[in-house]
Structure formats: structure tokens, C-alpha cells
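Next come the chains, spelled out residue by residue.
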Amino acid sequence: MRVDESVFDRFGTPANGRTHLASMGVYLFNQSVLRDLLADTDPKDFGKEIIPKAIGERKVCGHFFDGYWEDIGTIRSFFDAHMDLTRPLPRFDFYDEDRPIFTHPRFLPGSKILGADVENAILCEGSIVNRSRIRDAIVGIRTRIGDGCRIERAVVMGADFYESGEEIARNRDRGIPDVGIGRDCEIRDAIIDKNARIGHGVRLVNRSGATAGTADNYVIVDGLIVVPKDAVIPDGTVI
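As the structure is a prediction and not an experimental result, all values here were calculated from the model. (Residues numbered from 1 in each chain as written. Predicted model: local features only at pLDDT ≥ 70, side-chain atom pairs only at ≥ 80, totals over all residues. Heavy atoms only, no water.)

A closer look at the pairing of strand 8 (residues 186–192)
Part 1: Extensive coverage of strand 8 is indicated by the burial of five of its seven residues.
Part 2: With six bridges joining them, strand 6 (residues 150–156) and strand 8 adopt parallel strand pairing. The partner of Val155 across the bridge, within strand 8, is Ile191.
Part 3: Bridging between strand 8 and strand 10 (residues 203–204) involves two bridges; their strand directions are parallel. Considered in strand 10, the bridge of Ile187 is made with Leu204.
Part 4: Note: strand 8 against strand 13 (residues 224–227), three bridges, orientation parallel. Paired with Ala190 across the two strands is Ile225, which belongs to strand 13. (Buried < 20%, exposed > 50% of the residue type's maximum accessible area, 1.4 Å probe, protein only. Helix = DSSP H or I, 4+ residues; strand = E, 2+ residues; numbered from the N terminus. Pairing = 2+ DSSP bridges.)

Pasting the structure below:
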């Protein structure tokens, strides 16, 4: 929505040459109001259908926001926003005591780092990282990374559970990798969803330089390799 510079001034924000306001796609409703707005309708989009209807029928207010915000509606923008968090001074600060970030308490043990070389990375709780090299990466909860791996520019979401010794033994009998990342793997420019099983000697490097592609256990979007939840990448696979 195009506005005059005076609108920015009115909310105490320098215009700095900006001429438009845009919706962030973040909405807050009274529960009963939202229920009424959705009753007897089949809406598909909040911004195009629900909000315009509410403006005509209810009291609707807008909040003027000029802080950090990213549209992560694409795989590439989702990946880039996460990579920014690994920088020494990211645009969004998780460590601001005046604006604390709360999450679901999992009561997991601290991450165990066994001789790994780590730089510009976020290591979440409950992970075990063996002697590997990690650069510009986010390592999610309960992630297990074997020896000799090289992980660069990656978002590894971790796991919802730990496997027991008995389950790991059954994996051998079934010929499938354990949950996590095996030894001697190379992973670059990739997103690995939860509970994925990455075997030993796997290389996720997009060796063909593809911008898009689909397979049974992965996709390539905007040049990024995406391994979906619960997927299995067998030993020695090269993508």
C-alpha cells in the first residue's frame, strides 16, 4: 500500500525513502471473532479473504512494525534466513534479554563435541558430534554426526527420538542407516529434515549443479538439496 512519508513520521519511524507498507502475514484474533469469521465459509487465504471480510464487519487494527522480518515462503528464503543466524552478528538476535525467546522445554542433555572442528554454527541440545568439520550450519536437537564428516551451509533438523542399542542392531539387520549422519559424509547446501537416516560415505553436494529435481528420497529446490522427514539415504549415495 503506497503511503505518504508523513505516515512513517506519525509512527516515529524514519521513512528513509520508503513509500509503501506491506502485510507481514502475522495476525492476532480474539478466538470467538475468528470462529465467527470462519463459520459457514470456505476461505482459502487470510490476506485475500478473511482480513478484508473482517475489516468490513469487525474492529480491525494494524500494528506498525519496522524490525526484523523475513518472508520464508520459499525453500531458498527459509535456508538463507537460517544461514544468517550462524553469523557472528545476525540480523535477528536470539540472545536479547529484553525480548526473550521461549521454546518447548525438552530437558535434553548438553551437546557432546568429540574433537570436532566447528565454526559459525548453532549446535542444539542433545547432539553428539564426532570428529568432523562443521561450517555455517545449524545442527538440530538429538543429531548424531559420525567421524570424518564435512558439513557446510546446512540446516540439519535433528531427531524426535534416540535409538537404543537394540534398535541400532536391528538397523544393521535391516540394512538401513541409523537416524542421523553416518561417518565420512560430505553435506553442502542442504536441508535435512527430522529423523532422516544418512548412511556412511554419503555425499550431498549437488554434483550436477541442478537447480531443481525430484527423486524418491530427496528433492532439489533452488539448487538446495532437501532430504524430507524420515527419508533414508543409503551408504555411498552421491547426489
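Thoughts on the pairing of strand 13
Part 1: By the alternation rule, side chains of strand 13 split into Leu224 and Val226 and Ile225 and Val227, which are all buried.
Part 2: Between strand 12 (residues 219–221) and the antiparallel strand that follows it, strand 13, lie two residues; Asp222 among them carries a positive phi value of about 55°.

Here we look at the pattern of salt bridges
Part 1: As enumerated under the stated definition, the model contains 18 salt bridges in all.
Part 2: Close ionic contact of Arg106 with Glu125 constitutes a salt bridge, the shortest N to O distance being 3.9 Å. With a gap of 19 residues between them, Arg106 in the loop between helix 4 (75–85) and strand 1 (112–113) and Glu125 in the loop between strand 2 (117–123) and strand 3 (128–129) connect regions that are remote in the sequence.
Part 3: For Arg106, a relative accessible area of 32% translates into the label partly exposed.
Part 4: Measuring nitrogen to oxygen at the nearest pair gives 2.7 Å for the salt bridge that ties Arg150 to Glu152.
Part 5: Taken together, the shared-partner salt bridges in this structure form one network comprising Glu70, Asp84 and Arg91. (Salt bridge = Lys/Arg side-chain N within 4 Å of Asp/Glu carboxyl O.)

Section: the layout of surface pockets
Part 1: For the largest pocket, the calculated volume is near 1300 Å³.
Part 2: Ser23, Val26, Cys61, Gly62 and His63 are, among the 32 residues lining the largest pocket, the residues nearest its centre.
Part 3: Mapped onto the lining of the largest pocket, the elements with two or more residues apiece are helix 2 (31–38) and helix 3 (46–57).
Part 4: Considering every element that reaches the lining of the largest pocket, the biggest residue donor is helix 3, with four residues.
Part 5: Of the residues assigned to the lining of the largest pocket, the class counts are 20 nonpolar, eight polar and four charged.
Part 6: Residue lining of the second largest pocket: 24 residues in total, with Leu85, Phe94, Ile122, Cys124 and Ile138 positioned closest to the centre. (1 Å grid on protein atoms, 1.4 Å probe; cavity = no way out; pocket = protein on both sides within 12 Å on 5 of 7 lines; lining within 4 Å. Points joined across faces, edges and corners; volume = space filled by probe spheres on them. Nonpolar A, V, L, I, M, F, W, Y, C, P; charged D, E, K, R; others polar.)

Observations concerning a nonpolar patch on the surface
Part 1: Taken together, the side chains of Val26, Phe65 and Trp69 make up a nonpolar region of the molecular surface, amounting to roughly 310 Å² of accessible area.
Part 2: Here Trp69 lies in the loop between helix 3 and helix 4.
Part 3: A relative accessible area of 37% places Trp69 in the partly exposed class. (Patch = residues over 30% accessible without salt bridge, like charges linked within 9 Å, V, L, I, M, F, W, Y side chains within 5 Å. Areas by Shrake-Rupley, 256 points an atom, 1.4 Å probe, with all protein chains shown as cover.)

Examining the environment of Arg106
Part 1: As a C-alpha pair, Arg106 and Gly126 span 20 residues in sequence and 9.4 Å in three-dimensional space.
Part 2: Dropping the residues within four chain positions of it, Arg106 is found in contact with Glu125 and Ile141. (Contact = heavy atoms within 4.5 Å.)

Structural notes on the nonpolar core
Part 1: Ile151, Ile181, Ile192, Ile198, Leu204 and Val227 are the most contacted members of the largest nonpolar core, which has 25 residues in total.
Part 2: Put simply, the parts of the chain that give this core at least two residues each are strand 4 (133–139), strand 6, strand 8 and strand 13.
Part 3: Sequence-distant contacts of Leu204, that is, excluding residues within four places in its chain, are made with Glu186, Ile187, Arg188, Ile192, Ile198, Ile225, Val227, Ile233 and Ile239. (Core = buried A, V, L, I, M, F, W, Y, C linked by side-chain atoms within 4.5 Å.)

Looking at empty space enclosed by the protein
Part 1: Applying the stated criterion across every chain yields a total of one cavity of 30 Å³ or more.
Part 2: Within this model, the largest cavity holds a volume of roughly 70 Å³.
Part 3: Lining of the largest cavity is provided by 13 residues; of these, Thr143, Val156, Gly158, Gly180 and Ala196 occupy positions nearest its centre.
Part 4: Along the lines of polarity and charge, the residues of the lining of the largest cavity split into seven nonpolar, three polar and three charged.

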